[in-house]
Amino acid sequence: MEEKKREDGLVAMAACYQRFDPAAYLQYNYTPPRADFERKDSIVPWKLACLHRAFNEGDVTGELLVDVGSGPTLYQVLSGCEVFNKVLLTDFLEVNRQELRHWLQDEGCNLDWTPYLQHVCKLEGRRPSAWTEKAAKLREVITDILPIDVHRPQPMALDALPSSGADCLVSCFCLESVSPDLAAFTRALGHIGRLLRPGGHLLLIGALGESYYFGGPGVKIPVVPLNEAQVCESLKESGYTLIRLEVYTLPQDMRVGVDDVTGVFFAKAKKIKQK
Ligand SMILES: Nc1ncnc2c1ncn2[C@@H]1O[C@@H](CSCCNC[C@@H]2Cc3ccc([N+](=O)[O-])cc3CN2)[C@@H](O)[C@H]1O
């Protein structure tokens, strides 16, 4: 009975995503005020600063970085692309994989990523005009955009990764938005952990206190509301050691009606080496 209930929850969640609208989603979350590079307290600059620091403090190294549940966004790998020479983007929906391909092939997409590229160049101490070099670097290291389902014990095709696994995973706003409940969120953390080599790092960004968001006009998608303690506990339960947790609380004017998120967490964790 338990298994049937679990399965039904995942089928219902997948059905919600059939109406996901990448262009609207990008508009809701990746334009001002949530993405305002002139504002110190805007969410996107905070996320980019967390990722820049995490990728550049010396302990995150290797060949392969996998972004889990990329959605239609690229910001999550703008720092990582300077550290890894192979980056895989992944998503559950073809419409999102297509949106990412459009950018990769410079075919025009639904968001201008230039301000993001310029901002991360600034974080790296480079002149903002180096954004074109960063865009070229990104197009060089992103070797594929693949399907993924974090609810499967094997979330990606077996031949997608080397047998040793990825050296680092990044995942932003995905797991809590695709899991019917906390147990499913924790299981999904364990599933993606199987893509990561022991000792590899997980950089996880997610929503705190969010119970729904709009994935398009009238497309209300349920989210499992998380608090910091649950995030820490789920990471521990699914085989990670927490290195650092940072929390951002949304100022009132960042609450724009597209979700009921109250905060954002950034966790840097490490997959425990098997004894
Ligand atoms: N089974 C699956 N496995 C993997 N990925 C899957 C699966 N099902 C759907 N997906 C894939 O996962 C999805 C990822 S987008 C999820 C959106 N998360 C909530 C949204 C995001 C957001 C952004 C920014 C801010 N902010 O404050 O600045 C707040 C918030 C809070 N609201 C989507 O790409 C879908 O295609």
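These numbers were taken from a predicted model, which means no experiment stands behind them. (Residues numbered from 1 in each chain as written. Predicted model: local features only at pLDDT ≥ 70, side-chain atom pairs only at ≥ 80, totals over all residues. Heavy atoms only, no water.)

Student: Any details on the site of the ligand? Residues and values, ideally.
Tutor: Taken together, 24 residues sit near the ligand, with Asp91, Asp149, Phe173, Ser177 and Glu210 positioned nearest. Asparagine 96 places a polar side-chain atom, nitrogen or oxygen, 3.1 Å from an oxygen atom of the ligand. When the ligand sits alone it has 750 Å² of accessible area, and the protein chains cover 99% of it. Spatially, the ligand is embedded in the largest pocket. Listing elements by their share of the shell around the ligand, those giving two or more residues are helix 2 (22-29), helix 3 (43-55) and helix 7 (175-178). For the shell around the ligand, the per-class residue count stands at 13 nonpolar, 5 polar and 6 charged. (Near = heavy atom within 4 Å. Polar contact = N/O pair within 3.5 Å; in protein donor to acceptor, adjacent residues only side chain to side chain. Areas by Shrake-Rupley, 256 points an atom, 1.4 Å probe, with all protein chains shown as cover. 1 Å grid on protein atoms, 1.4 Å probe; cavity = no way out; pocket = protein on both sides within 12 Å on 5 of 7 lines; lining within 4 Å. Sits in = over half its atoms within 2 Å of the grid points. Helix = DSSP H or I, 4+ residues; strand = E, 2+ residues; numbered from the N terminus. Nonpolar A, V, L, I, M, F, W, Y, C, P; charged D, E, K, R; others polar.)

Student: For the environment of isoleucine 272, give the residues involved together with the corresponding values.
Tutor: For isoleucine 272, the location among the structural elements is in the segment after strand 9 (263-271). The exposure class of isoleucine 272 is partly exposed, given its relative accessible area of 35%. Linking isoleucine 272 and serine 238, residues 34 residues apart in sequence, is a C-alpha distance of 9.5 Å. Once you skip the residues sitting within four places of it in the chain, isoleucine 272 turns out to touch Pro198, Gly239, Tyr240 and Thr241. (Buried < 20%, exposed > 50% of the residue type's maximum accessible area, 1.4 Å probe, protein only. Contact = heavy atoms within 4.5 Å.)

Student: Tell me what's going on with the sheet that holds strand 5 (residues 196-208), and back it up with residues and numbers.
Tutor: In any sheet, the strands associate via hydrogen bonds between backbone groups, in a parallel or an antiparallel arrangement. Taken together, 7 strands build an open sheet; the order of strands is 3-2-1-4-5-9-8 and the sheet is mixed. A strand with exactly one partner marks an edge of an open sheet, and here the two such strands are strand 3 (142-147) and strand 8 (240-249). Pairs of neighbouring strands in the sheet enclose a mean axial angle of 15°, with direction left out of account. The pairing of strand 1 (residues 64-67) with strand 4 (residues 166-172) spans 3 bridges and is parallel. Residue pairing in the sheet places aspartate 67 in a bridge with valine 170 of strand 4. Running at roughly 145° to strand 5, helix 8 (residues 182-193) makes contact with strand 4, strand 5, strand 8 and strand 9 of the sheet. (Pairing = 2+ DSSP bridges. Axes fitted to C-alpha atoms, helices over the stretch in contact; angles between N-to-C directions.)

Student: Explain the UniProt feature "binding site: S-adenosyl-L-methionine" (unreviewed entry) in the protein residue by residue, including any values.
Tutor: Per the UniProt record, the feature "binding site: S-adenosyl-L-methionine" (unreviewed entry) sits at Tyr25, Tyr30, Gly69, Ser70, Tyr75, Asp91, Asn96, Asp149 and Val150. For this annotated set, covering 126 residues, the C-alpha atoms extend up to 23.8 Å from each other, a dispersed arrangement in space. Considering only the annotated residues already named, the ones lining the largest pocket are Tyr25, Tyr30, Gly69, Ser70, Tyr75, Asp91, Asn96, Asp149 and Val150. Position of glycine 69 among the secondary structure elements: in the loop between strand 1 and strand 2 (86-91). Residue glycine 69 is classed as buried on the basis of its relative accessible area, which comes to 9%. Ignoring any residue separated from it by four or fewer positions in sequence, one finds glycine 69 in contact with Thr90, Asp91, Ile148, Cys172 and Cys174. Not counting residues up to four positions away in its chain, the partners in contact with aspartate 149 are Phe92 and Pro155. (UniProt positions renumbered as here; feature names shortened; annotations may be inferred.)

Student: If you had to explain unusual backbone geometry to someone new, which residues and values would you point to?
Tutor: Between proline 32 and the following residue, proline 33, the backbone shows a cis peptide bond with an omega angle of 5°. Mapped onto the fold, proline 33 is located in the loop between helix 2 and helix 3. One non-glycine residue, aspartate 106, lies in positive phi territory at about 50°. Judged by its relative accessible area of 59%, aspartate 106 falls in the exposed class.

Student: Could you give an account of the environment of glutamate 237, naming the residues involved and the relevant values?
Tutor: With respect to the element layout, glutamate 237 can be found in helix 9 (residues 228-237). Along the chain, glutamate 237 and valine 223 lie 14 residues apart, while their C-alpha atoms are 20 Å from each other.

Student: Residue-level account of the pattern of salt bridges, with values.
Tutor: Within the structure shown, the criterion is met by 22 salt bridges. For lysine 4, the salt bridge identified is with aspartate 8, shortest N-O distance 2.9 Å. Taken together, the residues lysine 4 and aspartate 8, both in helix 1 (residues 2-16) and 4 residues apart, mark about one turn of the helix. One salt bridge connects lysine 268 with aspartate 59, and the closest N-O pair in it is separated by 2.8 Å. Pair noted here: lysine 268 is in strand 9 and aspartate 59 is in the loop between helix 3 and strand 1, with a separation of 209 residues, a long-range link. (Salt bridge = Lys/Arg side-chain N within 4 Å of Asp/Glu carboxyl O.)

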